[in-house]
Amino acid sequence: MSSDASAPPLKRAGVPAPAETPARRLSVLLSRAPRLRLGLLLTAPLFWLGLVYIAALAALLVTAFWTVDSFTGTVSIEWNLDNIVTVLTGAVYQAVTLRTVGVALLVTVIDILIALPIAFYMAKVATPRMQRVLVILVLMPLWASYLVKAYAWRSVLSEGGLVDWLVTPFGGNTPGYGLHATVITLAYLWLPYVIMPIYAGLERVPDSLLEASGDLGAKTWRTLRSVVLPLLWPAIIAGSIFSFSLSLGDYITVNIVGGASQMLGNLVYTNVGAANNLPLAAAIALIPIAIMIVYLGLVRRTGALENL
Amino acid sequence: MKSTTIRRPAAVTGIAIASVALLAGCGTTSAPSGGGESVEELGDYEGSVSILAWPGYVEDGSNDPEVDWVSDFEDDTGCQVTSQTYGTSDEALSLMKSGEYDVVAASGDATLRMIAGGDVAPLNTDLIPNYDGIYDFLKEQSWNSVDGEVYGVPHGYGANLLMYNTDVFSEAPTSWDVVFDDASANAGKITAYDSPIYIADAAMYLMAHEPDLGIENPYALDEDQLAAAVELLKEQRANIGEYWSDYLKSIQSFETGSIVAGTTWQVIKNSVPEGTPVDVTLPEEGVTGWSDNWMVGSDAASPNCAYAWLDYIASPEANAEATEYFGEAPSNDAACEFRSEGQCELYHAGDEDYASQIWYWSTPIAECLDGRTDVECTDYAAWTTAWQEIKG
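Residues numbered from 1 in each chain as written. Chains lettered and ligands numbered in written order. Predicted model: local features only at pLDDT ≥ 70, side-chain atom pairs only at ≥ 80, totals over all residues. Heavy atoms only, no water.

Asker: Looking at this model, I keep getting lost on the packing of helix α5 (residues 91-125) of chain A against helix α9 (residues 179-203) of chain A. Mind explaining?
Answerer: Geometrically, a packed helix pair is captured by the angle between its two axes and the distance between the axes. Residue and element names in this part refer to chain A. One can describe the packing of α5 onto α9 by two numbers: an axis separation of 6 Å at closest approach and a directional angle of 40°. Relative to α9, α5 is oriented oblique. Between α5 and α9 lies a crossing whose hand is right-handed. Per-class residue counts for the contact of α5 with α9 are 24 nonpolar, no polar and four charged. (Axes fitted to C-alpha atoms, helices over the stretch in contact; angles between N-to-C directions. Helix = DSSP H or I, 4+ residues; strand = E, 2+ residues; numbered from the N terminus. Parallel < 35°, antiparallel > 145°, perpendicular 65-115°, else oblique. Left-handed = near helix turned anticlockwise from the far one by under 90°. Nonpolar A, V, L, I, M, F, W, Y, C, P; charged D, E, K, R; others polar.)

Asker: It is not clear to me how the state of the cysteines should be interpreted in this structure. Could you clarify?
Answerer: Every disulfide links exactly two cysteines, by a covalent bond between their sulfur atoms. Residues and elements named next belong to chain B. Here the structure, examined in full by the defined rule, presents three disulfides over all chains. With a sulfur-sulfur separation of 2.1 Å, Cys 336 is cross-linked through a disulfide to Cys 344. One disulfide, between Cys 336 and Cys 344, carries an S-S torsion of -100° and so falls in the left-handed class. Residue Cys 336 is classed as partly exposed on the basis of its relative accessible area of 29%. Residue Cys 344 is classed as buried on the basis of its relative accessible area of 7%. Between Cys 368 and Cys 377 runs a disulfide, and the two sulfur atoms are separated by 2.0 Å. Judged by the sign of its S-S torsion, about 105°, the cystine formed by Cys 368 and Cys 377 is right-handed. Of the residues examined, Cys 377 reaches a relative accessible area of 6% and is grouped as buried. (Disulfide = S-S within 2.5 Å. Buried < 20%, exposed > 50% of the residue type's maximum accessible area, 1.4 Å probe, protein only.)

Asker: Got a minute to help me understand a negative patch on the surface in this structure?
Answerer: All names here are of chain B. The grouping of Asp 181, Asp 182, Glu 210, Asp 212, Glu 231 and Glu 235 at the surface amounts to a negative patch. With respect to the secondary-structure elements, Asp 181 resides in the loop between β8 (161-165) and β9 (190-193). Take Asp 181: its relative accessible area is 47%, and that puts it in the partly exposed class. (Patch = residues over 30% accessible without salt bridge, like charges linked within 9 Å, V, L, I, M, F, W, Y side chains within 5 Å. Areas by Shrake-Rupley, 256 points an atom, 1.4 Å probe, with all protein chains shown as cover. Salt bridge = Lys/Arg side-chain N within 4 Å of Asp/Glu carboxyl O. Lys, Arg positive; Asp, Glu negative; His and termini not counted. Charge placed at Lys NZ, Arg CZ, Asp CG, Glu CD.)

Asker: How do you make sense of the confidence of the model for chain A when you look at a structure like this?
Answerer: One rule of thumb: low pLDDT means the predicted coordinates there are not for detailed reading. For chain A, the average pLDDT comes to 86, and 91% of its residues sit at 70 or higher. The model gives residues 1-5 of chain A a pLDDT under 50, and that stretch makes six contacts with residues more than four places away or in other chains. (pLDDT = per-residue confidence, 0-100. Contact = heavy atoms within 4.5 Å.)

Asker: Honestly, the domain arrangement of chain A in this entry has me stumped. Any pointers?
Answerer: Quoted interface sizes are often the accessible area lost when the parts come together. Residues and elements named next belong to chain A. The assigned domain composition of chain A is domain 1 (30-64) and domain 2 (90-302). Put simply, the middle of domain 1 and the middle of domain 2, counted by C-alpha atoms, are 33 Å apart. Listed by partner, the interface residues are four residues for domain 1 and six residues for domain 2. The interface formed by domain 1 and domain 2 contains zero salt bridges. For the pair domain 1 and domain 2, the interface holds zero residue pairs in polar contact (both at pLDDT 80 or more). For the side of domain 1 that touches domain 2, the residue count by class is three nonpolar, one polar and no charged. (Domains from an automatic or database assignment. Polar contact = N/O pair within 3.5 Å; in protein donor to acceptor, adjacent residues only side chain to side chain.)

Asker: Help me out: how do you make sense of the UniProt feature "transmembrane region" (unreviewed entry) in chain A in this one?
Answerer: Residue and element names in this part refer to chain A. As annotated in UniProt, the feature "transmembrane region" (unreviewed entry) corresponds to residues 40-66, 101-121, 133-153, 177-202, 223-244 and 278-298 in the numbering used here. Here residues 101-121 runs as 100% helix and 0% strand, with 30 Å between its end C-alpha atoms. Helix makes up 100% of residues 278-298 and strand 0%, whereas the separation of the span's terminal C-alpha atoms amounts to 31 Å. (UniProt positions renumbered as here; feature names shortened; annotations may be inferred.)

Asker: Help me understand the domain arrangement of chain B in this model?
Answerer: Residues and elements named next belong to chain B. When its domains are assigned, chain B resolves into domain 1 (10-29 + 43-158 + 290-350) and domain 2 (159-288 + 365-391). One C-alpha centre belongs to domain 1, the other to domain 2, and the line joining them spans 28 Å. With 13 residues of domain 1 at the interface, the matching set in domain 2 holds 13 residues. Of the roughly 1000 Å² buried where domain 1 meets domain 2, counting both sides, 61% is carbon and sulfur surface. A per-residue breakdown of the area domain 1 buries against domain 2 is headed by Asp 109, Trp 290 and Phe 326, which together make up 33% of the total. (Buried area = accessible area lost by both parts, 1.4 Å probe.)

Laid out in structure tokens, this is it:
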């Protein structure tokens, strides 16, 4: 096709020149102008990313600088920094931000600690057949709805629930609802997102390196610490981005099992849905965005982003 | 096929006219209260009506085939009903802002805000024959009328009762102190309604126990009174196991015993599975409660069907069915003839003495609702901020 299009229109015996249709003229033009071709190809994705995704987000965040008539709930476009100041100076927002970051960090640490041995077994110990089975098992919880899983944990952790039934013979009590229940549930929900990148990272560590380390006299722990971990570090960070950012924005789990506690997502939710204060909600939503920008900035130096 | 091709230009013209009218309306209505004039007379039914209501108020049999009072209305009038439910009054307020609903059923903590925001229109009650049958003590109250103009047709009313676990409390508690001053006896097992309007419950408690504060009406709090209520709620916060706004969550918590005392609705008590050791009581301090009202959107696309719905749902039969299903007292005097045996006594329908113990939800506004003029009261925005601080 392309050679045909770029060649001068010679009259050959038996082969009539293609008709000069508009479509043909267009294809000739495109094949001769690579920049135009590239531009047109990129228009659709750039439109999607730029306008539909970024612009929509920006439009929402701009409302952080507006005000709302708290009685009638009408948003009025008066530029001011009141909401930002409120969010930065309010004791409530500081306490909730600290709590949210704490929960997100704890969830991330727990997930990494659970994910490391599982991923190591999957990548280095299990037979290829077993490996596939394990990948399916790890991904299986993702087939179920988020809400179903969170409500399942609600009944597991309730009084007279599964946990209660398991620990009562040993004199224990269920932790009930609260921050610990939130951490447990979130750690459960995001575990597959942490296991998979670490598993992918471990798969890339060549077995020969481990053997070489052994041949040089290193014991198991020494090999793990000096050979595997440094190679695996970017994959661990990649996994942590998922669990950390997902925890940071979550409000449903804490709503279901969090008892009386609230996180940043709840403040956004109540300000949009309940208090009808979109500007303040937008201002609060800037907090996790700022935290993630700082986190990604730190992470970028480790080179983990190339591993995503 | 033919009918659609004919209808479409008509529909487009209709939308065009409606949007022009809407734009014109936006340009001219600047009055702070009210959504303009009430209609003088009714025209033909538009064929559809969209309703925003609490769950259980608009049942067409899709949730439970046995529960259906919408189909009768549709058959009678030809107005097809589409409905949307909401979980909290605040959510109703933001949904109503979209202007997509012809009719809304709102509680007293939302009505004044909807009226002030121009979201709902004043009503011509002459066009609602069944309005005559409504209890007088529900009509033209501070939460459904402004300056003598009626905005809402009362639907049903109920109390925010105290539910308690009968294993923990062998006798019915007589005071709200089980969730306030004595709450630490059941630390971590107390519940409270998750809304700024719950501050009124604390104010009502203080009204009885700290008369020095001078609270006359739990919805009219000056700065000091609000601070006292917030203080009480912050102490309570330490003993709260869970705040509830989703009534299914509340049912489950009482059922498992995770929660042993706190506010509730009669409908929750009715929904708790048989054999669960819980009961409800009306403590000596009184209770907060709600009186819900049907209102017509100021931008209603189908005002005639909207009026038809208001009249229909206020009729004794429909009012009886809907309020019994939800679990509240009906607003129509004659509704009790159509409710199941004992269902009116359970909710103390028409019992003015009982009703007088209820402080109906009202929107707190700067102009004190108790008539004080020497101070400015705290408004709903202040309550919202305070509520977020209480929850921490």
